Amino acid sequence: MSWMMVLKKDSKWDEKTLNAKRRQLLNKEPSLKVEFPEMSHPSNESEIPKVIEAIKNNKLDDKTQTDLDKNFNEKMLEIVGEDIKDWQQLIEDMNIMIIKLKMKYKRPRPYEVTDKIDSVTGTDDSPSFPSGHATESHAMAKILGNKYPDKQGELEDYANKVALHRMQIGSHYPSDIEAGKKTGQLIADAYLSTNKVEKWQDILGKADDSLHDWFNRRGGKETKDGKTQGGWIDCS
């Protein structure tokens, strides 16, 4: 028998086999709107050797691996002193977008393609492309780095570790990680752009309220809809 035995061409993970939480996410729409381009990846078989090599070179201790696999969002937020409770909406939005992309491409995981790789985590129970861990970690690195520029390098380093670890445990191909990084950056750009618009709307709204107060102090009268009329002072 050759070093590789092809087991399946398509991922076993579909709308019926996904767990209940992922199915719920699949049926939701994110509050953040992002346009994703069409993506492609090399053949599964062509990338298997790189995955096997990454597994052989994995020297990380158990605690580090658990954090990279299951606690990476918390760890990244710890770097900048933020609480994960304040980021739940963004994290859910990312999870919704990720599962929709995964179900679009339905790429089988490496362990579905060769008998030389086993699943060693409960976080790879969905199609492979793009990597959700790479997507989320790189999105968070860019968003948090924008808010905390002095921590940007540390955040990016951790995101790269999170993404690489997915190959080191045999859950992803190299192209999954590359696509995840690009997807995460698109999400970050959309988030930062939307956040900037919302801040300007808030500033303009406060400025409008201040203008009404200024008129009132000079004898203006507010109508029922909250608008100010009159109140001009004749300085002629």
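Refer to the structure above for everything that follows.
Residues numbered from 1 in each chain as written. Predicted model: local features only at pLDDT ≥ 70, side-chain atom pairs only at ≥ 80, totals over all residues. Heavy atoms only, no water.

Caption draft 1: Representation of the side chain of Ser131 in the model. Its location among the elements puts Ser131 in the loop between α6 (110-113) and α7 (132-147). Of note is the side chain of Ser131, whose polar atom sits 3.5 Å from the backbone nitrogen of His133. Sequence-distant contacts of Ser131, that is, excluding residues within four places in its chain, are made with Lys102, Arg166, His172, Asp176, Ile177 and Gly180. (Helix = DSSP H or I, 4+ residues; strand = E, 2+ residues; numbered from the N terminus. Polar contact = N/O pair within 3.5 Å; in protein donor to acceptor, adjacent residues only side chain to side chain. Contact = heavy atoms within 4.5 Å.)

Caption draft 2: Broad picture of the environment of Asn19. Within the secondary structure, Asn19 is located in the segment before α1 (20-26). With 106 residues separating them in the primary sequence, Asn19 and Asp125 have C-alpha atoms 8.0 Å apart. A polar atom in the side chain of Asn19 sits 2.8 Å from the backbone nitrogen of Arg22.

Caption draft 3: Representation of the pattern of salt bridges. Inspection of the entire model under this criterion finds 12 salt bridges. Two residues, Asp67 and Lys75, come together in a salt bridge whose shortest N-O distance is 3.8 Å. Take Asp67: its relative accessible area is 12%, and that puts it in the buried class. The partly exposed category is assigned to Lys75, whose relative accessible area is 24%. The residue Arg107 makes a salt bridge to Asp176 at a minimum N-O spacing of 2.8 Å. Linking Arg107 in the loop between α5 (88-105) and α6 with Asp176 in helix α9 (residues 174-217), this pair joins segments that are 69 residues apart in sequence. (Salt bridge = Lys/Arg side-chain N within 4 Å of Asp/Glu carboxyl O. Buried < 20%, exposed > 50% of the residue type's maximum accessible area, 1.4 Å probe, protein only.)

Caption draft 4: Fine view of the environment of Ser31. With respect to the secondary-structure elements, Ser31 resides in the loop between α1 and α2 (44-56). Given a relative accessible area of 53%, Ser31 falls into the exposed group. Taking C-alpha positions, Ser31 is 8.5 Å from Leu90, a pair spaced 59 residues apart along the chain. Not counting the four nearest positions on each side in its chain, Ser31 is found in contact with Gln89 and Asp93. Here Gln89 takes part through its side chain, which lies 3.5 Å from a polar atom of the side chain of Ser31. In this structure the side chain of Ser31 is engaged in a polar contact, spanning 2.5 Å, whose partner is the side chain of Asp93.

Caption draft 5: Local environment of unusual backbone geometry. Backbone torsion omega between Phe129 and Pro130 reads -5 degrees, so that peptide bond is classified as cis. Phi angles above zero are rare outside glycine, and Lys106 is one such case at about 50 degrees. Relative to the assigned elements, Lys106 resides in the loop between α5 and α6. Owing to a relative accessible area of 34%, Lys106 belongs among the partly exposed residues under this scheme.

Caption draft 6: The packing of aromatic side chains, seen in detail. Overall, the coordinates contain two aromatic pairs when judged by the stated rule. Considering the side-chain rings of Tyr105 and Phe129, the 5.2 Å spacing of their centres and the 80 degrees angle between planes classify their relative orientation as edge-to-face. Note that Tyr105 is positioned in helix α5 and Phe129 in the loop between α6 and α7, a separation of 24 residues in sequence. On the accessibility criterion, Tyr105 (18% relative accessible area) is buried. The class for Phe129 is buried, based on a relative accessible area of 1%. A cation sits over an aromatic face here: Arg107 above Tyr173, 3.8 Å from the ring centre. (Phe/Tyr/Trp six-rings, centres within 6.5 Å; stacked < 30°, edge-to-face > 60°. Lys NZ or Arg CZ within 6 Å of the ring centre and 35° of its normal.)

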